[in-house]
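The primary structure of each chain is shown beneath.
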Amino acid sequence: MIARILFALAATASIPLVLGPQPAHAAAAPARLIQMDHISVEVIGKGSPVILIPGLSSPRAAWDGVAPELAKSHAVYLVQVNGFGGDDPRANLKSGVLNGIVADLTALIAQQKLKDPAVIGHSMGGLVGLMLAARHPASVGRLMVVDALPWFGVLMAQPGAELTVAMIESRAAQMRDAVAASFGKPPSKPAAEANVASLTRKPESRAKATGWAMAADPRVTALALYEDLTTDMRGELKAIRAPVTLVYAWNDQYPLKDRADAFFRSQYAAIPQASYAGIGDSAHFVMLDQPAAFAATLNAFLAG
């Protein structure tokens, strides 16, 4: 399923890409908003801390299905990357977007004195979670990665072939430049609809995704996409001390359950404490396609 996302982007690179439908923000009014260079963070609820990081071009509304319930017993930190959701890009118009997000999250955890926060990241947000947990292990209590990989580049390889970041860098740069070139041009709604069509199995979610896709700043999407494709965390997984839950999608088309199970286990084998949760009949946006199953998995993860 993640492979489809990359190929959809390559085919429709003249429009901004959003990884996932964004419903109207359902969470209660935030207790406060924390603005940082690379992210903004809404804080709702009280209790043990939970940090929710959305994926490429997705605003914090990606977590509307779980945030209000979590806020009944947790302090929920809803991250939004500056430039996604139509807000000011701030520092995200130059390279170093992912490292900047990790730096802001590390500062947030220290400044707010968050003790062993649970970090949940979807897609690109999952990669950010891996970077945070590997490079700042004292900052993360536990980590959930939702339908993401330690390096997306593996999906661009031919069967049996080995790739390196250097081998795909030029292709990643072409994709970055094509997306960035759409800045200032009216986005195509039909192209946006086609681009998000495979990301969720629910028509109503795809409809909402289209509006958010056209609202995202393509300059930020372009830089983040390039960095996502050229960041290889496989060699750093062994540094992660926190327990990690890997949530991934499978459905009756692709990937089938057995193949999805084997693939994700092979990609994350180096993590010292890993558990796996495949959620069926879902596409990339697991939490939107199977909200009850995702909520149960999330509750089990938080219960430890």
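Before any of the text, the structure's been laid out above.
Here the structure is a predicted model, which is why all the values come from computation and not from measurement.

For Ser95, the position within the fold is in the loop between β4 (74-81) and α3 (97-111). Judged by relative accessible area, Ser95 falls into the exposed class, the value being 62%. Considered as a pair, Ser95 and Glu227 are 132 residues apart in the sequence and their alpha carbons are 8.2 Å apart. Ignoring anything within four residues of it in the chain, the contact list for Ser95 reads Leu223 and Glu227.

Below, the discussion takes up the pairing of strand β3 (residues 48-53). Of all six residues that make up β3, five are buried, and the element is covered over most of its length. Two strands pair when backbone bridges link them, and β3 and strand β5 (residues 118-122) are joined in this way by four bridges, in the parallel orientation. Each bridged residue has a counterpart across the sheet, and for Ile51 the counterpart in β5 is Val119.

By size, the foremost hydrophobic cluster in this structure holds 63 residues, and its most contacted members are Ile51, Ile101 and Leu105. It is helix α4 (residues 124-135) that provides the largest number of residues to this core, a total of eight residues. Every residue in contact with Ile51, bar those within four places of it in the chain, is listed here: Tyr77, Val79, Leu105, Ile109, Leu114, Pro117, Ala118, Val119 and Ile120. Counting 31 residues, the second largest nonpolar core, distinct from the first, contains Ile44, Val50, Leu199 and Ala209.

Pairing is mixed in the open sheet, where eight strands are placed in the order β1-β2-β4-β3-β5-β6-β7-β8. Looking at strand neighbours, the two that pair on one side only are β1 (32-35) and β8 (274-280), the edges of this open sheet. Each neighbouring strand pair of the sheet contributes to a mean axis angle of 20°, computed without reference to strand direction. Contacts between helix α9 (residues 257-267) and the sheet are confined to β7 (244-250) and β8, with β7 contributing the most and set at about 150° to the helix. Its contacts with the sheet place helix α11 (residues 291-303) against β3, β4, β5, β6 (142-146), β7 and β8, and it is angled at close to 160° to β6.

Right, let's talk about the pattern of salt bridges for a bit. For the coordinates displayed, the defined rule picks out 10 salt bridges. Asp177 is paired through a salt bridge with Arg176; the nearest N and O atoms lie 2.9 Å apart. Notably, a salt bridge pairs Asp252 with Arg201, separated by 3.3 Å at the nearest N-O pair. Here Asp252 is found in the loop between β7 and α9, whereas its partner Arg201 is found in the loop between α6 (189-196) and α7 (203-215), with 51 residues between them in sequence. Overall, Asp252 belongs to the exposed group, its relative accessible area being 59%.

In this structure, the second largest pocket encloses a volume near 190 Å³. Along the walls of the second largest pocket sit Trp151, Val154, Ala157, Gln158, Pro159, Gly160, Ala161, Glu162, Leu163 and Arg234, which together make up its complete lining. Broken down by class, the residue content of the lining of the second largest pocket amounts to six nonpolar, two polar and two charged.

Looking at where Ile39 falls in the secondary structure, it is placed in strand β2 (residues 39-44). Residue Ile39 is classed as buried on the basis of its relative accessible area of 0%. Along the primary structure Ile39 and Asp88 are separated by 49 residues, whereas in three dimensions their C-alpha atoms are 10.0 Å apart.

Definitions and limits used
Residues numbered from 1 in each chain as written. Predicted model: local features only at pLDDT ≥ 70, side-chain atom pairs only at ≥ 80, totals over all residues. Heavy atoms only, no water. Helix = DSSP H or I, 4+ residues; strand = E, 2+ residues; numbered from the N terminus. Buried < 20%, exposed > 50% of the residue type's maximum accessible area, 1.4 Å probe, protein only. Contact = heavy atoms within 4.5 Å. Pairing = 2+ DSSP bridges. Core = buried A, V, L, I, M, F, W, Y, C linked by side-chain atoms within 4.5 Å. Axes fitted to C-alpha atoms, helices over the stretch in contact; angles between N-to-C directions. Salt bridge = Lys/Arg side-chain N within 4 Å of Asp/Glu carboxyl O. 1 Å grid on protein atoms, 1.4 Å probe; cavity = no way out; pocket = protein on both sides within 12 Å on 5 of 7 lines; lining within 4 Å. Points joined across faces, edges and corners; volume = space filled by probe spheres on them. Nonpolar A, V, L, I, M, F, W, Y, C, P; charged D, E, K, R; others polar.

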